[in-house]
Amino acid sequence: MNLFDVYPLNDVTIVKAKGSYVWDDKGEQYLDLYGGHAVISIGHTHPYWVKQIEEQLEKIAFYSNSVRIPLQQQLADKLGKISGKNDYQLFLCNSGAEANENALKMASFHNGRKKIIAFSKSFHGRTSLSVAVTDNKNYIAPVNETDNVIFLPFNDEEALESCFAKQGKEISSVIIEGIQGVGGINVAQESFLKKIRSLCDKHGAVYIADSVQCGFGRSGKFFSHDFAGVNADIYTMAKGMGNGFPVAGLIIAPHIKPKHFQLGTTFGGNQLACAAALAVCQVIEDEKLMGNAVMVGKYLRDELASIPQLRNVRGRGLMIGFDVPEDLKDLKKNLLWNQKTFTGESKPNIIRLLPSLALKRRDAEAFIESLKEEIAVLTGEEVSN
Ligand SMILES: Cc1ncc(COP(=O)(O)O)c(C=O)c1O
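Notes on the structure in this doc start here. Note that this is a predicted model, so its numbers are computed, not measured.

1. What to know about the sheet that holds strand S7 (residues 171–177)
Read across the sheet, 7 strands follow the order S4-S12-S11-S10-S7-S5-S6 without closing on themselves; strand pairing throughout is mixed. Two strands close off the open sheet at either side, each with one partner strand: strand S4 (89–93) and strand S6 (149–152). Between one strand axis and the next, the sheet turns by 20 degrees as a mean value, whatever way the strands run. Note: strand S11 (residues 234–237) against strand S12 (residues 248–252), 4 bridges, orientation antiparallel. Residue pairing for S12: methionine 237 is matched across the bridge by glycine 249. The sheet contacts of helix H6 (residues 157–167) involve strand S5 (115–119), S6 and S7, and relative to S6 the element is tilted by about 150 degrees.

Rendered as structure tokens:
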């Protein structure tokens, strides 16, 4: 049987990983500044995370949500503490798309409305509602087409205000990434997030903060939306939550009340997934990884901004993007093959850095050196700064 060929692949097989490094089947070591697509939060195969999962596996891996699972409450308590949202309610599921799907559904159950506001360059996942609020026609199958979604320009307060002025009574929710990931590392302005909050309050809509990529400490705050100093009604999370173990969730403000059977999942919140997510939270706290993301992220952004060939360096913490001019279009490829360094990208010409939050300063320094080397090879100029 063939694999269903939907992923363009790099010709490399990763067989081992530790911290910010991975190794291929020929024993070659790579620096991982891609974090397996922003998934690796505490570092590959962190020993505490491995131990907690192993110990849980010896006890019980899975039982369904028809019985009490105290690990879920432990995780809720931990997440309340680490995010500062103690009074929110946790629902656990399996992927970012599912978290957003449930958030959008919950908003609609809550206010009985149908329309959703989403933004240009958004990416929220591949399931039916989450793909409908994703700004990429290529991902939307005919069956997912809907006129319930209104796309507005990102960070455009006037467009948002005028949409609410016209259709405020119909708007169920507004969904926004605090920092757009797939869209190219675009930071939502604090004033824009405040405007979303106040318009949602005024019109009875639900503010959904998609924190699947920018959450779990990656920005230096637990949720990047919190830089704006206002709370969302629902935060969704996945990727960094399990450090590679599939686990996702949404936390829901106390005024949104649950009803039995409104949401559900077979696998979500299983014992093994909870053990993985609990271990991630513990390591983020113990190793002060959000502080590390701030420091190493600042170092990287400052260094990148001083390289004249790169444009528009942006992001927060260890979620960083920059534009690459046409003559450097092979930079990402050359970093991988010549410098053995994984980075992420956004089309057409953006490099994205999404490393583990435990990235060491010396690894960041080594990356800047290899980047300068590859720029010099491609341009024929020494990179000075
Ligand atoms: C912001 C955002 N939301 C949702 C998703 C979908 O997550 P998943 O692939 O786990 O379904 C992604 C994945 O890249 C994402 O970046």
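2. Considerations on the nonpolar core
Ranked by internal contacts, the top residues of the largest apolar core, which has 106 residues, are Val174, Ile208, Ile234, Ala276, Ala277 and Val280. Broken down by element, this core gets its largest block of residues, 12 residues, from helix H8 (residues 271–286).

3. Considerations on the site of the ligand
Looking at the ligand, there are 14 residues lining it, with Gly96, Ala97, Gly125, Val212 and Gln213 nearest. In terms of residue class, the shell around the ligand is built from 5 nonpolar, 7 polar and 2 charged.

4. So, the packing of helix H10 (residues 331–339) against helix H11 (residues 361–379)
Their axes nearest at 10 Å, the elements H10 and H11 cross at an angle of 115 degrees. In this structure, H10 crosses over H11, and the sense of that crossing is right-handed. Along the contact surface, H10 presents Leu331, Asn334, Leu335, Asn338 and Gln339, while H11 presents Ser370, Leu371, Glu374, Ile375 and Leu378. Of the residues in the contact of H10 with H11, the class split is 5 nonpolar, 4 polar and 1 charged.

5. What to know about the sheet that holds strand S13 (residues 311–316)
The strands making up a sheet associate through hydrogen bonds between their backbones, and the pairing can be parallel or antiparallel. Strands sit in the order S13-S14-S17-S16 across an open sheet of 4 strands; the sheet is antiparallel. Looking at which strands have only one partner, the edges of the open sheet turn out to be S13 and strand S16 (344–346). Looking at each pair of strands side by side, their axes are set apart by 25 degrees on average, direction ignored. Docked against the sheet, helix H9 (residues 289–305) engages S13, strand S14 (319–323) and strand S17 (350–353), running at close to 175 degrees with respect to S13.

Calculation rules
- Per chain, the residues get numbers from 1 upward, laid out in the order the sequence is written.
- Totals for whole chains, interfaces and linings use every residue, but because this is a predicted model, local features are given only for residues with pLDDT of at least 70 and side-chain atom pairs only at 80 or more, for both listing and counting.
- Any two strands between which DSSP finds at least two bridges are classified as paired.
- Secondary structure elements are taken from DSSP: a helix is a run of H or I of four residues or more, a strand is a run of E of two residues or more, and numbering for both begins at the N terminus.
- Geometry is summarised by axes, namely lines fitted to C-alpha atoms with helices restricted to the contacting stretch, and by angles between N-to-C directions that run from 0 to 180 degrees.
- Each residue gets a C-beta atom placed from its backbone, and two residues are in contact if those atoms lie within 7 Å.
- Residues enter a nonpolar core if they are buried, belong to Ala, Val, Leu, Ile, Met, Phe, Trp, Tyr or Cys, and are joined to the set through C-beta atoms within 7 Å.
- Exposure in this text rests on C-beta crowding, where 20 or more other C-beta atoms within 10 Å of a residue's own make it buried, 12 or fewer make it exposed, and counts in between make it partly exposed. The C-beta atoms are placed from the backbone.
- Note on definitions: a residue is near a molecule or strand provided its C-beta atom, placed from the backbone, lies within 6 Å of it.
- The classification used treats Ala, Val, Leu, Ile, Met, Phe, Trp, Tyr, Cys and Pro as nonpolar, Asp, Glu, Lys and Arg as charged, and all other residues, Gly among them, as polar.
- The handedness criterion is simple: a crossing whose near helix is rotated anticlockwise from the far helix by less than a right angle is left-handed, and one whose near helix is rotated clockwise is right-handed.

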